[in-house]
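So you can see what is in the structure, the chains are spelled out below.
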Amino acid sequence: MIYFATMNILSNKAKQFLVLLIKIAVVSGAFYFIYQQLSSNKTLDKDLLLNIISQKENIPYLVGIAILTFSNRFIEILKWQNLASLIHKISLKESTKQVLSALTLGIFTPNGIGEYAGKALYYDKRYTGRVIFLNMVCNGIQVIFAILFGLLGLCILNQYYTIVSPKVLYIGLGIISLIIVILLSIRRITIKGYSIQWIIEQLKEIPKKTHHKNFFLALLRYASFTHQYILLYRLFGVENPYFQLLCAVSCVYLLASSLPNFQFLEFAVKGSIAIYIFNILGVNQWVVALVATLIWLLNIVLPVTIGSFYVLAYKAKNKDD
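What you see is a predicted model; the values in this text were computed from it and never measured. (Residues numbered from 1 in each chain as written. Predicted model: local features only at pLDDT ≥ 70, side-chain atom pairs only at ≥ 80, totals over all residues. Heavy atoms only, no water.)

The contact between helix 6 (residues 128-157) and helix 10 (residues 242-257) brings their axes to 7 Å, and the two run at 125°. The pairing of helix 6 with helix 10 is recorded here as oblique in orientation. When you trace helix 6 past helix 10, the crossing you get is left-handed. In contact with Ala146, Ile147, Phe149, Gly150, Leu151, Gly153, Leu154, Ile156 and Leu157 of helix 6, helix 10 contributes Phe243, Gln244, Cys247, Ala248, Ser250, Cys251, Leu254 and Ser257. (Axes fitted to C-alpha atoms, helices over the stretch in contact; angles between N-to-C directions. Helix = DSSP H or I, 4+ residues; strand = E, 2+ residues; numbered from the N terminus. Parallel < 35°, antiparallel > 145°, perpendicular 65-115°, else oblique. Left-handed = near helix turned anticlockwise from the far one by under 90°. Contact = heavy atoms within 4.5 Å.)

As C-alpha cells, this is what we get:
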C-alpha cells in the first residue's frame, strides 16, 4: 500500500516536472524566434522610430495605432468568450488567458494550428472536439472576410494598376467558384464520420444570436487591423488616397492568408507581398518593410509576450471537471 502511494506521488511529481519543462521550452522557443527575427531585421531603425514618436504632430496617429492594437486582440478575446459560452460561460479574464496562451503555443505551427490545442488544454477532454470546432468557427469567419474583402479590393485596385493580369484574376475567380460548387455537391460525402453537411448542421445548432455577435465582432476586428496598417503608413508619410490604401491592405491579407506560414515569420510573408503590391502604388519599399515589421511586433510579439506568462502559470487542474 505504501509502495503504491509512493509510486503515485513520484508519478505526479514526474508529470508536473514534465509539464514545467514543456512550458519553459515553449516560452523559451517563442522568445528565441522573436529575438532571431529582430536581430536579423535591418529595417527596424530605432533612432528613426524615436524621432517620429517624439514629434507632436504624430501623436494622433500614435494614439490611434495604440487603440487599434489593443482593440485587435481584445475583439478576438470577446469573440472567443462569445463562442466558448456554448460550452460554459467564461469571464473576460479567462478568455484572455485562453486566447493569449493559445497564440503563444501556436507561434510554432503553420497558420497557428497550435492555437486549437492551446485552447483545448483549458477544458476537460470530453469537450476537445467542441473546442476545436468552435475555434474553427471563430477563425473561419475572419478568413471569409479576408477572402471577400480581399477579392473586392483586388478587383477594384486592378482596374487602375496591374496587380495581377486580368486573365489570372478571372482564372482565380473561376477556380474559387468551382471549388464552392464542388464542395456543395459533395457535402453529404462522409470521411471518417465528417462531411460538409455535418459542419452545416453543427453550425445550425449554434444560436443565431451567437452567430450574429461573432459576425459583427469579426467585421470589427477586420476593420481594426486594416486601419492599423493605414495609420502606420500615414505615420511614415505615405499620402496615397485612403481607399487605395484600404484596397491594397485587403489584397495583402488575401494573398498572405492563402499561403501556409508560421506566425513568427508572418511579417516576412506579409512583408514580401506588401512590398510587391505597394511598390506598384509607388510606396517606398523600406517604409513597407518597416510597417510590416511593426505590425508583427504589435500584433504577434506583444500578445505572445503576455501569453507567455499565462503559459508558465498554466496548471492542468484549471480545466473543467
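Quick look at the pattern of salt bridges now. With the rule as written, the count across this model stands at 4 salt bridges. Notably, a salt bridge pairs Lys79 with Glu76, separated by 3.5 Å at the nearest N-O pair. One end of the pair, Lys79, and the other, Glu76, are both in helix 3 (residues 59-84), 3 residues apart, so they sit about a helical turn from each other. Both residues of the pair, Lys79 and Glu76, count as buried. (Salt bridge = Lys/Arg side-chain N within 4 Å of Asp/Glu carboxyl O. Buried < 20%, exposed > 50% of the residue type's maximum accessible area, 1.4 Å probe, protein only.)

One can describe the packing of helix 3 onto helix 4 (residues 92-105) by two numbers: an axis separation of 9 Å at closest approach and a directional angle of 110°. In terms of axis orientation, helix 3 runs roughly perpendicular to helix 4. Between helix 3 and helix 4 lies a crossing of right-handed hand. Only Leu92, Ser95, Thr96, Gln98, Val99, Leu100 and Leu103 of helix 4 make contact with helix 3, whose side of the interface consists of Arg73, Phe74, Glu76, Ile77, Leu78, Trp80 and Gln81. Grouping the amino acids of the contact of helix 3 with helix 4 by side-chain chemistry returns 8 nonpolar, 4 polar and 2 charged. (Nonpolar A, V, L, I, M, F, W, Y, C, P; charged D, E, K, R; others polar.)

Together, Ile171, Ile175, Leu178, Ile179, Ile182, Leu183 and Ile186 give the surface a local cluster of nonpolar side chains, amounting to about 590 Å² of exposed area. By secondary structure assignment, the location of Ile182 is in helix 7 (residues 166-185). (Patch = residues over 30% accessible without salt bridge, like charges linked within 9 Å, V, L, I, M, F, W, Y side chains within 5 Å. Areas by Shrake-Rupley, 256 points an atom, 1.4 Å probe, with all protein chains shown as cover.)

Right, let's get into the UniProt feature "transmembrane region" (unreviewed entry) in the protein. Under the present numbering, the feature "transmembrane region" (unreviewed entry) in UniProt falls on residues 17-38, 58-75, 132-161, 167-186, 215-236, 242-260, 267-288 and 294-313. In residues 132-161, helix accounts for 87% and strand for 0%; the two terminal C-alpha atoms are 41 Å from one another. Along residues 294-313 one finds 100% helix and 0% strand; the C-alpha atoms at either end are 28 Å apart. (UniProt positions renumbered as here; feature names shortened; annotations may be inferred.)

As a further point, take the packing of aromatic side chains. Taken as a whole and assessed by the stated rule, the structure comprises 9 aromatic pairs. The interplanar angle of 65° and the centroid separation of 5.1 Å between the aromatic rings of Phe145 and Phe215 together place this pair among those described as edge-to-face. Of this pair, Phe145 sits in helix 6 while Phe215 is found in helix 9 (residues 208-235), placing the two residues 70 residues apart along the sequence. Given a relative accessible area of 5%, Phe145 falls into the buried group. Through a chain of ring-to-ring contacts, three or more aromatic side chains come together here, namely Phe145, Phe149, Phe215, Tyr222, Phe225, Tyr229, Tyr233, Tyr253 and Phe278. (Phe/Tyr/Trp six-rings, centres within 6.5 Å; stacked < 30°, edge-to-face > 60°.)

A separate point is the nonpolar core. Core analysis: the biggest nonpolar cluster contains 50 residues, and Tyr233, Phe236 and Phe278 have the highest contact counts within it. Every element with two or more residues in this core is listed here: helix 2 (46-54), helix 6, helix 9, helix 10, helix 11 (266-280) and helix 12 (285-313). The element contributing the most residues to this core is helix 12, with 11 residues. Not counting residues up to four positions away in its chain, the partners in contact with Phe278 are Tyr233, Leu245, Ala248, Val249, Val252, Val283 and Val288. Residues Val99, Tyr122, Tyr123 and Tyr314 belong to the second largest nonpolar core, which totals 17 residues. (Core = buried A, V, L, I, M, F, W, Y, C linked by side-chain atoms within 4.5 Å.)

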